[in-house]
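# Coordinate analysis (summary)
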Amino acid sequence: MIPCNPCVAICPVHAITMNDINDTPAVDFEKCTGCTRCVGICPGLAIFVVKIKDEKASITFPYEFLPLPTVGNIVHAVDREGKTRGTAKIMKVNTRAKTAVITVEVDKTLAMDIRMIKVMNHD
Ligand code: SF4
């Protein structure tokens, strides 16, 4: 655990709260608008945002590898254990924060599993 709170300060709707700098942040999901600003500001790379619509899920998470993927690319969708679970489409690459933040689209059945991508080799 890293004692820090930039997510609390950056959230425009005050959806993230902490009683103490050493606490785990609490998110009020009724307030959260899904803007994803907290994702890129977190030094611990600990925040991701999942949105589900119809049969698809969009997952936004920090990405610290280069080169950055390109919007429209199809990549491997990887779970917490590093296993490829399917494919993902790159929907957005945001370099507004120091850490790049990417949004991928996957089948909604993978919404709570996919937390990283792996670029496909086309040798
Ligand atoms: S996604 Fe946006 S609204 Fe939701 S907790 Fe993060 S900064 Fe706040």
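Located above this text is the structure these notes cover.
Let me sum up the structure you'll find in this document. (Residues numbered from 1 in each chain as written. Predicted model: local features only at pLDDT ≥ 70, side-chain atom pairs only at ≥ 80, totals over all residues. Heavy atoms only, no water.)

Near the ligand you find Cys11, Pro12, Val13, Ile16, Cys32, Thr33, Gly34, Cys35, Thr36 and Cys38, and these make up its full shell. When grouped by side-chain class, the residues that make up the shell around the ligand number 7 nonpolar, 3 polar and no charged. (Near = heavy atom within 4 Å. Nonpolar A, V, L, I, M, F, W, Y, C, P; charged D, E, K, R; others polar.)

Together, Arg37, Lys51, Lys92 and Arg96 make up a positively charged patch on the protein surface. A residue is classified by how much of its surface remains accessible, and lysine 51, at 41% relative accessible area, is partly exposed. (Patch = residues over 30% accessible without salt bridge, like charges linked within 9 Å, V, L, I, M, F, W, Y side chains within 5 Å. Areas by Shrake-Rupley, 256 points an atom, 1.4 Å probe, with all protein chains shown as cover. Salt bridge = Lys/Arg side-chain N within 4 Å of Asp/Glu carboxyl O. Lys, Arg positive; Asp, Glu negative; His and termini not counted. Charge placed at Lys NZ, Arg CZ, Asp CG, Glu CD. Buried < 20%, exposed > 50% of the residue type's maximum accessible area, 1.4 Å probe, protein only.)

Attention shifts here to the nonpolar core. Residues Ile102, Val104, Val106 and Ile117 are the most contacted members of the largest nonpolar core, which totals 15 residues. Going through the elements one at a time, β4 (56–63), β5 (74–79), β6 (84–94), β7 (100–107) and β8 (114–118) are the ones with two or more residues in this core. Looking at which element gives the most residues to this core, the answer is β4, with 4 residues. Discounting chain neighbours no more than four positions away, the residues touching isoleucine 102 are Ile59, Thr60, Phe61, Tyr63, Pro69, Ile90, Lys92, Val93 and Ile117. (Core = buried A, V, L, I, M, F, W, Y, C linked by side-chain atoms within 4.5 Å. Helix = DSSP H or I, 4+ residues; strand = E, 2+ residues; numbered from the N terminus. Contact = heavy atoms within 4.5 Å.)

Our focus in this paragraph is the environment of threonine 99. Along the chain, the position of threonine 99 falls in the loop between β6 and β7. Assessed through its relative accessible area of 11%, threonine 99 is described here as buried. Distance from threonine 99 to cysteine 42, taken between C-alpha atoms, is 8.7 Å for residues 57 residues apart in sequence. The contacts of threonine 99, once residues within four sequence positions are left out, are Gly40, Leu45, Pro62, Tyr63, Glu64 and Asn94.

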